[in-house]
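Here's the letter readout for the chains.
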Amino acid sequence: MTGSRLFSPRWLAAGGAVFLAAILGVTLVLQNSGAACAAPPSTTAKKGKATYFFLEGTLGNCSFPSPPADDLYVALGQHNEYSSGAACGTYIDVTGPKGKTRVKVIDSCPECPAGHLDLSLTAFKKIGVKSDGIIPITYKAVPGASVPGPISVRVKEGSSQYWLSVLIDNHSNQLASVKVAGKGGSFKSASREDFNYWTIPSGAGNGPFKVKITDVYGNSVTVPDIKLAIGKTQKTTAKLGGSVVRRPEVSTPDKKTEKKTTPATKKPTVKPTTKPSTTTASAAPLLEEATVEPTTQQPAQLDANLTADAPRCS
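Residues numbered from 1 in each chain as written. Predicted model: local features only at pLDDT ≥ 70, side-chain atom pairs only at ≥ 80, totals over all residues. Heavy atoms only, no water.

A. Just the state of the cysteines, in detail. Tallying each qualifying case throughout the model produces two disulfides. Each sulfur of the disulfide joining Cys62 and Cys88 lies 2.0 Å from the other. Between Cys62 and Cys88, the S-S dihedral sits near -85 degrees, and the bridge is therefore left-handed. Placement of Cys62 in the loop between β1 (46–53) and β2 (73–77) and of Cys88 in the loop between β2 and β3 (91–96) is noted, with a sequence separation of 26 residues between them. (Disulfide = S-S within 2.5 Å. Helix = DSSP H or I, 4+ residues; strand = E, 2+ residues; numbered from the N terminus.)

This is the structure in C-alpha cells:
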C-alpha cells in the first residue's frame, strides 16, 4: 500500500486536476518494457513537477521494510515510471528551486503521470519551500549510485519449500533477473512482482539457498546461505556493482594484431645455406618473436563482476 495521498499538496494546490493534465506530455525518465525485463534507464535530465507525501507508518509499493535512514525517497507514476516495480531500489537526482537531492524509489503513485514525482517531505524541503506545495524540477536516473550497505535478502511471509518469494535491496541499478537454487539443486528463475518481490511459484525447497542477482548492465553476484527465514531481512557481505555499460558480445581478434603476426611467422622460412650453425643461430630469435600472442590481454581487462552473457528476460 502507498502512503496517504488523499489530501496531499498535489490536490490542495490550485488547479490540481488541470496540473495533472498539463504534464501528460512529459517524457519518461525510466524506460521499461515490462515487469520481467527492465531496460537501462535514460540518464538524460527531464523536466517535471514535484509534490510531497507521507508514508504514515505504511510500506510503499516496493515493500521495503522501512524507508531509507536519511528519509530521502520518492514515489513514481504507477503506470509509467514505476515500471511495474522495475524502478524499485534505484536512485534519482532531483533539482528544484532551492537545490539538489538524491532520492530512492520506494513507492508508486497511482495518480501521477510521467514527470510528476511525489517526494518525501524531507526531500521536498531540500529543494523547495513546503508551503508552495508543487514546484518545478529537473530529474534524472543515477545508474551505479552508492548504496548504504551490501545486498540484503528478505523472504516474504507465506513462503515455504513449495512457494518462495524474496525481496532484494541495496542493488542500486535496476534488476534484470533473480535466480534461486536450493540445497543441491539447480537455479530456478524468479518472476518480478509489481510489489518488488521475486517469486518462484513451485518453491526451491527448504534451503539454504543460493540467490543469483543480475542487473540490467550485466553485473552479477551470487549470494549463498540464504535461509528460509520468513519475514526476516538477511544481511550479506556481497555487493552488486561495477560497470554501468553493457558488456560487449564475445570479442574478436584485433585485425591490426593479425597483420603484425602474419609476417613474423614467415621470417623463419629463409633459404637453406651451407652453414647450418649460422642458420640455427639467426632463425631462433625469429621463432621466439612469432610465438607472442598479444590478443590474450583483452579478456583480462573486462570487469570481473560481469556475467558471461548479456542479461536476458526471465
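B. Representation of the pattern of salt bridges in the model. Summed over all chains, the structure comprises four salt bridges. Linking Lys100 and Asp93 is a salt bridge whose minimum nitrogen-to-oxygen distance equals 3.7 Å. On the basis of relative accessible area, Asp93 is assigned to the buried category, the value being 7%. Salt bridges linked by common partners bring Asp93, Lys100 and Arg102 together as one network. (Salt bridge = Lys/Arg side-chain N within 4 Å of Asp/Glu carboxyl O. Buried < 20%, exposed > 50% of the residue type's maximum accessible area, 1.4 Å probe, protein only.)

C. Broad picture of the pairing of strand β7 (residues 152–155). Here β7 shows two buried faces, one formed by Ser152 and Arg154 and the other by Val153 and Val155. Pairing geometry for β7 and strand β8 (residues 164–169), over four bridges, is antiparallel. Residue pairing in the sheet places Val155 in a bridge with Val166 of β8. (Pairing = 2+ DSSP bridges.)

D. A look at the packing of aromatic side chains. Under the definition given, this model contains four aromatic pairs. Here the aromatic rings of Tyr52 and Phe54 are separated by 5.9 Å at their centres, their planes lie at 85 degrees, and the arrangement is edge-to-face. Judged by relative accessible area, Tyr52 falls into the buried class, the value being 9%. Since its relative accessible area comes to 37%, Phe54 is described here as partly exposed. An aromatic cluster is present here, built from Tyr52, Phe54 and Phe124 joined pairwise through their rings. Seen from the ring of Phe64, Lys104 lies directly overhead, with NZ or CZ sitting 4.3 Å from the centre. If you follow Lys156 out to its NZ or CZ, it ends over the ring of Tyr197, 4.9 Å from the centre. (Phe/Tyr/Trp six-rings, centres within 6.5 Å; stacked < 30°, edge-to-face > 60°. Lys NZ or Arg CZ within 6 Å of the ring centre and 35° of its normal.)

E. Local environment of the side chain of His116. As for its placement among the helices and strands, His116 is situated in strand β5 (residues 116–120). For His116, a relative accessible area of 0% translates into the label buried. Reaching out from His116, the side chain makes a polar contact with the side chain of Thr51 at a distance of 3.1 Å. (Polar contact = N/O pair within 3.5 Å; in protein donor to acceptor, adjacent residues only side chain to side chain.)

F. Representation of the sheet that holds β2 in the model. Around the barrel, which closes on itself, the six strands sit in the order β1-β5-β2-β4-β3-β6 with mixed pairing between neighbours. Pairs of neighbouring strands in the sheet enclose a mean axial angle of 45 degrees, with direction left out of account. Examined bridge by bridge, β3 and strand β6 (residues 135–141) share four bridges and lie antiparallel to one another. Residue Asp93 lies in a different strand from β6, and its bridge partner there is Lys140. (Axes fitted to C-alpha atoms, helices over the stretch in contact; angles between N-to-C directions.)

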